[in-house]
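The residues making up each chain are set out below.
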Amino acid sequence: MAGTEWEPKIVAFCCNWCSYGGADTAGMGRFQQPSSLRIIRVMCSGRIDPMHVFNAFLEGADAVLVTGCHLGDCHYVNGNYKAQVRYQFLEEMVRELGLEPERLQLNWISASEGEKFANFIRDVTAQIKQLGPSPLKPEGVN
Amino acid sequence: MVKESSVKETEAADTPRIGVFVCECGVNIGGVVNCRAVADYASTLPNVATSVVNKYACSDAGQSEIKQAIKDHDLNRVLVASCTPKTHEPIFRACVEEGGLNPYLFEFVNIREHCSWIHMQDKENATKKASELVRMGVSRAQLLEPLQSTVVPVTNKALVIGAGVAGMQAALDIADMGYKVYLVEKNPSIGGKMAQLDKTFPTNDCSICILGPKMVEVSRNRNIQLMTYSEVEEVEGYVGNFRARVRHKSRFVDVTTCTGCGSCVQKCPIEVPDFEFNEGIGTRKAIYVPFPQAVPLRAVVDRSVCIDCGACIKACQSHSIKMEQEETFSDLEVGVIVVTTGYDIYDPEPANDFGYGIYDNVITGMELERLLNASGPTMGKLVRPSDVKPPKRVGFIQCVGSRDKKRNRYCSGFCCMYALKDAQLIKEKYPDSEVYIMYMDIRAPFRNYEEFYDRARDMGIKFIRGKPGKVSEDRDNSVIVRVEDTLTNNIYNLELDLLVLSVGAVASESSERVRQLLKVSRAADGFMMEAHPKLKPVDTTLDGIFIGGVTQGPKDIPYSVSQGSACAARATRYLAQGKATTEGITVEVDEDICVGCGICVPMCPFQALSLADGKLAIIKALCKGCGTCAVACPTGALQQSHFKNQQLFAQVRSVFTFEGE
């Protein structure tokens, strides 16, 4: 599509109970968003393996989002706390790799927070558009 | 016990034959996404045997088409691109099962909430994205494996938390269907907020006169075990097999021998404001019976103000007062849980809510209920707080704490109606009085409610459409309200003897505690969230846990009672069947790879994992399939079925394409 603006590809890991529901609620509320997002649904943010996140970067993601229920609200008691601990490790790795910190973001979004979800996607997309494609994106991938 | 299945067992090794069904959902998807183009694109993807467009995939016709295609094309995987799995995954899983496939060989792609509805002005990119989402789904579908659900037995008892009118109704209905119910109430008496009300709209019948007999019915029902002055402390388990620990607070009174005669209350020298039942207007003693119609009609001692004088002990002829009584605990095993924990009344802020807490004669709607009530602190004589004289001019301000972006955006629904009711009661008591209602809109939507509004107008109650700008106080403690009637553009300075704030409902702290205990989702307004706003209004996303009454959001008495009954009906399905099917998604261990390190064991919040003889053992019935442990496994031996690493990797990989692909 010549002449159209570059659209980043953002991979979001969403937990089934909260943030995936938040994305649904955004849809039900018709909160318009850029078409940059690709959601990978997992049952719990505690299922999000740092390996999954790195894999997404290596495959070509311009940004990766780790999302789940608000702390204290995890459907599986405390999976999001475990996700948070793993996220801290990921943040450090992203820094080591020289990636801009905006390319990895964590957000707790409940199933009712459709507007928050949409605003988050708009904000991240705008940030990534400023940064341009990820330096880890393999040649020829889009 | 593993579910017996007659369906064709598809081995993971079979070459996938995927059927793709792209749903137009009328114009919901079809109006934005070119579904034909998406289906055509899908047909070019590997292992896609057929790819078609459905008008409505979930309709009877749509589902028949899917089942027929499974036969015609010998499909062993089905992908539907339509709406959200949160509502429709069970429908399509059942459909493919009926079509002869294992229900977990179904893949759902959301191109409505996550595509057509959020890219309504960008049809080209919406179509492109939908195609990519289908491509991701196809990659994942190739690797899906058949799973078996587990059927678990259900303990045929129910726990109802909160004994307001909704909880009482739920408990009575479940009990009448023949099942044992534990009804837990944190207060010393059941009855909830309804017990505090004077009259009820739109019939103006006495609240406690209709509630009282129901409270007695609850206490007499042989299937209901009432636990008042008790709170649920811990809950664990899953549908059919919940274990709850209930703390019974000390009443310092033996409920089995106390007769509720009140001799102790008469002798007690300590008198404090009664915040529990009379909104702080009247007083109660350190030992008190909550209210005359309380169930159980038993005394309770407030040890925080008791001076241990022993007067009550001497007065009690049944020797029921036990100052050494300690709190006790019960461990309950139940199959289902109904949550009817109710709400709090919005507490007006002195700085922002029309002088409440600053001027004596500004009160809330609930305080007015107690002032109007025949068994209230004034024996039903309406007086204003500053000089205890009957008010001649009374004003109501609507929507205090509700429909306000700075506080709560939602409408509490019942405040218009109770203001109309209280205004009528004041007019009936004092026909010469002037009553004003200052409102934004009057909301009177159900049977006889609009007629009730008409009646209020016919009685001469004056309606001013406007929210007051300023409230001040006169020298004689009258309240001066400055308000513009936006219908006539007149500005009034009303001099009132009594100003009533029509406050709404807010999520209660005790409800929030129970919500966190049970892990029920929270809606944006702070109340508990239902599984589906229309089709599952009393279910939660947790199997076997139901919510009713104002716990789920503000509503009036008939609606709360209906929801109580609805909870009972929904919950009793499990009790009547005696079994429940749990999710087939669990973790599984590859014993050849597992080194028995045990790192995963403490990861599991449900104690499903343990090490036995250096090997990992999984109790499948306890595993809830979150997959957290699988991340911790250093060897990759633990995998979460349906969300295996290879399945997720494949899905992520197909987000992207190489140039020329």
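Residues numbered from 1 in each chain as written. Chains lettered and ligands numbered in written order. Predicted model: local features only at pLDDT ≥ 70, side-chain atom pairs only at ≥ 80, totals over all residues. Heavy atoms only, no water.

### Some words on the overall build of chain B
In terms of helices and strands, chain B carries 17 helices and 34 strands. Seen through its principal axes, chain B has C-alpha atoms that stretch 85 × 65 × 40 Å. Per-residue burial over chain B gives 57% buried out of 661 residues. Entry remark: accessible area of chain B is about 28000 Å², with carbon and sulfur atoms responsible for 49%. Charged side chains of chain B number 75 positive and 81 negative; the gap between the two group centres comes to 3 Å. (Helix = DSSP H or I, 4+ residues; strand = E, 2+ residues; numbered from the N terminus. Buried < 20%, exposed > 50% of the residue type's maximum accessible area, 1.4 Å probe, protein only. Areas by Shrake-Rupley, 256 points an atom, 1.4 Å probe, with all protein chains shown as cover. Lys, Arg positive; Asp, Glu negative; His and termini not counted. Charge placed at Lys NZ, Arg CZ, Asp CG, Glu CD.)

### Some thoughts on the interface of chain B and chain A
Contacts between the two partners involve 55 residues from chain B and, on the opposite side, 56 residues from chain A. For the pair chain B and chain A, the summed buried area comes to about 4900 Å², and 58% of that belongs to carbon and sulfur atoms. A per-residue breakdown of the area chain B buries against chain A is headed by Lys519(B), Val631(B) and Phe656(B), which together make up 14% of the total. Counting across the chain B and chain A interface gives five salt bridges. Between Glu59(A) and Arg653(B) there is a salt bridge, with the nearest N and O atoms lying 3.0 Å from each other. Connecting chain B to chain A are 25 residue pairs in polar contact (both at pLDDT 80 or more). Only helix 4 (85-98), helix 5 (112-116), helix 6 (123-142), helix 16 (628-632), strand 34 (638-640) and helix 17 (645-653) of chain B provide two or more residues apiece to the side of chain B that touches chain A. For the side of chain B that touches chain A, the leading source of residues is helix 6 of chain B, giving eight residues. Residue classes in the side of chain B that touches chain A are distributed as 24 nonpolar, 16 polar and 15 charged. (Contact = heavy atoms within 4.5 Å. Buried area = accessible area lost by both parts, 1.4 Å probe. Salt bridge = Lys/Arg side-chain N within 4 Å of Asp/Glu carboxyl O. Polar contact = N/O pair within 3.5 Å; in protein donor to acceptor, adjacent residues only side chain to side chain. Nonpolar A, V, L, I, M, F, W, Y, C, P; charged D, E, K, R; others polar.)

### Description of the sheet that holds strand 1 (residues 18-23) of chain B
Residues and elements named next belong to chain B. Spatially, 2-1-3-4 is the arrangement adopted by the four strands of the open sheet, whose pairing is parallel. Edge positions in the sheet fall to strand 2 (48-54) and strand 4 (106-110), since each has one partner strand and no second. Between one strand and the next, the sheet's axes are offset by a mean angle of 15 degrees, whatever the strand orientation. Most of the contacts of helix 4 go to strand 4, to which it runs at about 150 degrees, and overall it touches strand 3 (77-82) and strand 4. (Pairing = 2+ DSSP bridges. Axes fitted to C-alpha atoms, helices over the stretch in contact; angles between N-to-C directions.)

### Some details on the sheet that holds strand 12 (residues 241-248) of chain B
Residue and element names in this part refer to chain B. Here three strands make up an open sheet; going across it, the order is 11-12-17 and the pairing antiparallel. Two strands close off the open sheet at either side, each with one partner strand: strand 11 (230-238) and strand 17 (328-334). Each neighbouring strand pair of the sheet contributes to a mean axis angle of 20 degrees, computed without reference to strand direction. The pairing of strand 12 with strand 17 spans seven bridges and is classified as antiparallel. Residue pairing for strand 17: Arg243 is matched across the bridge by Glu333.

### Comments concerning the pairing of strand 33 (residues 615-618) of chain B
Pairing between strand 32 (residues 609-612) of chain B and strand 33 of chain B: four bridges, direction antiparallel. By the bridge assignment, Leu609(B) is partnered in strand 33 of chain B with Ile618(B).

### Comments concerning unusual backbone geometry
Of all residues except glycine, most have a negative phi; of all peptide bonds, most are trans. Residue and element names in this part refer to chain B. With an omega of -5 degrees, the peptide bond running from Phe201 to Pro202 counts as cis. Topologically, Pro202 is positioned in the loop between strand 8 (199-200) and strand 9 (205-206). The omega angle of the peptide bond from Val295 to Pro296 is 0 degrees, so this bond is cis rather than trans. Along the chain, Pro296 falls in the loop between strand 15 (287-288) and strand 16 (300-301). Even without a glycine there, the phi angle at Phe354 is positive, about 55 degrees. You can see Phe354 is positioned in the loop between strand 19 (343-345) and strand 20 (362-364).

### Some details on helix 3 (residues 60-72) of chain B
Residues and elements named next belong to chain B. The end-to-end C-alpha separation of helix 3 is 18 Å, in line with the 18 Å expected for 13 residues at 1.5 Å each. Those residues of helix 3 that are buried are in contact with strand 1, strand 2, strand 3 and helix 4. Two residues or fewer after helix 3 comes Asp74, characterised by a positive phi angle close to 50 degrees. (Expected span 1.5 Å × (residues − 1).)

### Describing the pattern of salt bridges
Across all of its chains, the model carries 44 salt bridges over all chains by this definition. A salt bridge links Arg384(B) to Asp497(B), with the nearest nitrogen and oxygen atoms 3.6 Å apart. Of this pair, Arg384(B) sits in the loop between helix 11 (365-372) and strand 21 (393-400) while Asp497(B) sits in the loop between strand 26 (490-496) and strand 27 (498-503); the two residues are 113 residues apart in sequence, bridging distant segments of the chain. Judged by its relative accessible area of 15%, Asp497(B) falls in the buried class. Each member of the salt-bridge network shares a partner with another, and the members are Lys9(A), Arg38(A), Glu132(B) and Arg135(B).

No statement about biological role is implied by the geometric values presented.
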